[in-house]
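The primary structure of each chain is shown beneath.
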Amino acid sequence: MKVTITVDQGAIKALGANLGRKVQRSTAIALTKTAWQTKADVVEQMKSKIDRPTTFTLNSLVVRPAKYDRGSMTAKVEAKDWQEKYLRNIVSGVGESKRHLKRFELALQAVNQMPRGWVAVPAKEFALDAYGGMGRGILMKIISQIGTELLSGYQNKSTDAKVKARNQKRNGTFFAMQPGNREGLPPGVYQRRRFGSGWGSRMVLAYVKQARYKPQIDLEKIAEKAVSEHFQTEFIKALQS
C-alpha cells in the first residue's frame with residue numbers, strides 16, 4: 001500500500017544544466033514536503049475514521065523522500081511491512097475484504113477450538129498492551145493449554161502431569177466455549193483461576209463473526225489534495241532559498 005508523488009522530468013531538463021539543477025533540487029524538496037503533508041493528513045483521517053486507533057496504526061506510514069542527486073524525482077508514502085496487510089483493508093481503496101487471521105487464531109481453528117468464519121478479539125475490561133492488543137505472554141498461555149497442533153513460534157502443551165499442574169496453578173485453566181454452547185455463555189476463551197479465597201472464570205477472548213472491511217480512507221485522493229494545496233508553495237519556497 002503506497003502512493004507516489006512525482007513530476008515529468010522532461011520539462012526540467014529543457015531548462016538547461018545550471019537552472020535545471022536548481023529546479024530539480026527545489027522540485028525534490030517540494031515533492032518530499034508534500035509527501036510529509038500527505039502522511040499527516042492520512043494520520044488525521046485515521047484518528048477520525050478508525051475507532052480508537054492504536055499507536056501501532058498511527059505510526060504505520062513512512063515517507064520515502066525524492067533525491068534529485070540520485071536521479072529520483074519521486075516521493076512516496078507507504079506502509080511499514082508489519083502493518084501492510086492491516087492497512088490495506090482500511091486505507092488502500094481497493095474494495096471490501098476480510099481481516100486476515102492472526103497466527104494464534106489459525107492455531108485455535110486447527111484444533112477446532114474456534115469455528116471458521118470467526119475471529120478472536122480481547123474481551124472487554126481485559127488489560128491490553130501498549131499497542132492496543134493482547135500481550136504475547138497471555139496468548140502463549142492460552143495456546144499452550146488449548147492447542148495441540150500449533151504453528152511455528154508457539155510451544156505445544158506439556159504432557160508431563162507435574163508441569164501441567166504447575167502451569168495451571170500459576171496461570172489458571174483456559175477453556176473455549178463455542179457459539180451456541182449449552183451453558184448459554186458468549187463464545188470465546190475463558191480463564192478459570194483463583195480470585196481471593198475462591199475460584200472464578202473470566203472471559204479473555206471473545207469470538208465474533210469475521211468482519212468485512214470497507215476502506216474508509218482514500219490515500220490517492222488525500223495525496224492529490226496535498227499536491228494541489230501544498231506543492232506549488234513548497235516549490236517556490238525551495239526555489240527562493
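Source: prediction; values computed, not measured.

Rules of the game
- Residues numbered from 1 in each chain as written.
- Predicted model: local features only at pLDDT ≥ 70, side-chain atom pairs only at ≥ 80, totals over all residues.
- Heavy atoms only, no water.
- Helix = DSSP H or I, 4+ residues; strand = E, 2+ residues; numbered from the N terminus.
- Buried < 20%, exposed > 50% of the residue type's maximum accessible area, 1.4 Å probe, protein only.
- Contact = heavy atoms within 4.5 Å.
- Areas by Shrake-Rupley, 256 points an atom, 1.4 Å probe, with all protein chains shown as cover.
- Pairing = 2+ DSSP bridges.
- Axes fitted to C-alpha atoms, helices over the stretch in contact; angles between N-to-C directions.
- Phe/Tyr/Trp six-rings, centres within 6.5 Å; stacked < 30°, edge-to-face > 60°.
- Salt bridge = Lys/Arg side-chain N within 4 Å of Asp/Glu carboxyl O.
- Polar contact = N/O pair within 3.5 Å; in protein donor to acceptor, adjacent residues only side chain to side chain.

**Details of the overall build of the protein**
So, step 1. Along the backbone of the protein there are 8 helices and 9 strands.
So, step 2. When each of the 241 residues of the protein is scored for burial, the buried share is 37%.
So, step 3. Contacts spanning at least 24 positions in sequence make up 62% of the contacts within the protein whose residues lie at least 6 apart.
So, step 4. Of the roughly 14,700 Å² of accessible surface on the protein, 50% is carried by carbon and sulfur atoms.

**Quick look at the sheet that holds strand β3 (residues 74-79)**
So, step 1. Spatially, the 3 strands line up as an open sheet ordered β1-β3-β2, and their pairing is antiparallel. If you trace the sheet from one side to the other, it starts and ends with β1 (2-6) and β2 (61-64), each paired once. On average, adjacent strands in this sheet sit at an angle of 15° to one another, irrespective of strand direction.
So, step 2. Taken together, the 4 bridges between β2 and β3 define a ladder with antiparallel strand orientation. When the bridges of β3 are listed, L61 appears paired with A79.
So, step 3. Along the sheet, helix α8 (residues 219-240) makes contact with β1 and β3, crossing β1 at roughly 25°.

**Quick look at the packing of aromatic side chains**
So, step 1. Evaluated as defined, the whole model comprises 2 aromatic pairs.
So, step 2. Here the aromatic rings of F175 and Y190 are separated by 5.7 Å at their centres, their planes lie at 10°, and the arrangement is stacked. Of the two residues, F175 sits in strand β6 (residues 173-177) while Y190 sits in strand β7 (residues 188-195), which places them 15 residues apart along the sequence.
So, step 3. For F175, a relative accessible area of 27% puts it in the partly exposed group.
So, step 4. The interplanar angle of 20° and the centroid separation of 6.2 Å between the aromatic rings of F231 and F235 together place this pair among those described as stacked. Of this pair, F231 and F235 are both found in helix α8, 4 residues apart, which corresponds to roughly one turn of the helix.

**Notes on the pattern of salt bridges**
So, step 1. A complete count under the given rule lists 5 salt bridges for this structure.
So, step 2. Ionic pairing is found between K47 and E44, a salt bridge with its closest N-O pair at 3.5 Å. Of this pair, K47 and E44 both sit in helix α2 (residues 17-49), 3 residues apart, roughly one helical turn.
So, step 3. K47 gets classed as partly exposed once you look at its relative accessible area, which sits at 46%.
So, step 4. One salt bridge in this structure joins K225 and E229, with 3.1 Å as the shortest N-O distance. Highlighted residues: K225 and E229, both in helix α8, separated by 4 residues, approximately one helical turn.
So, step 5. Judged by its relative accessible area of 48%, K225 is partly exposed.
So, step 6. Each of K33, E234 and K237 takes part in one network of salt bridges that share partners.

**Remarks on the side chain of T32**
So, step 1. In this structure, T32 sits in helix α2.
So, step 2. A polar atom in the side chain of T32 sits 2.9 Å from the backbone oxygen of A28.
So, step 3. Among all residues touching T32, those that are not within four sequence positions of it are V63, P65, A66 and A75.

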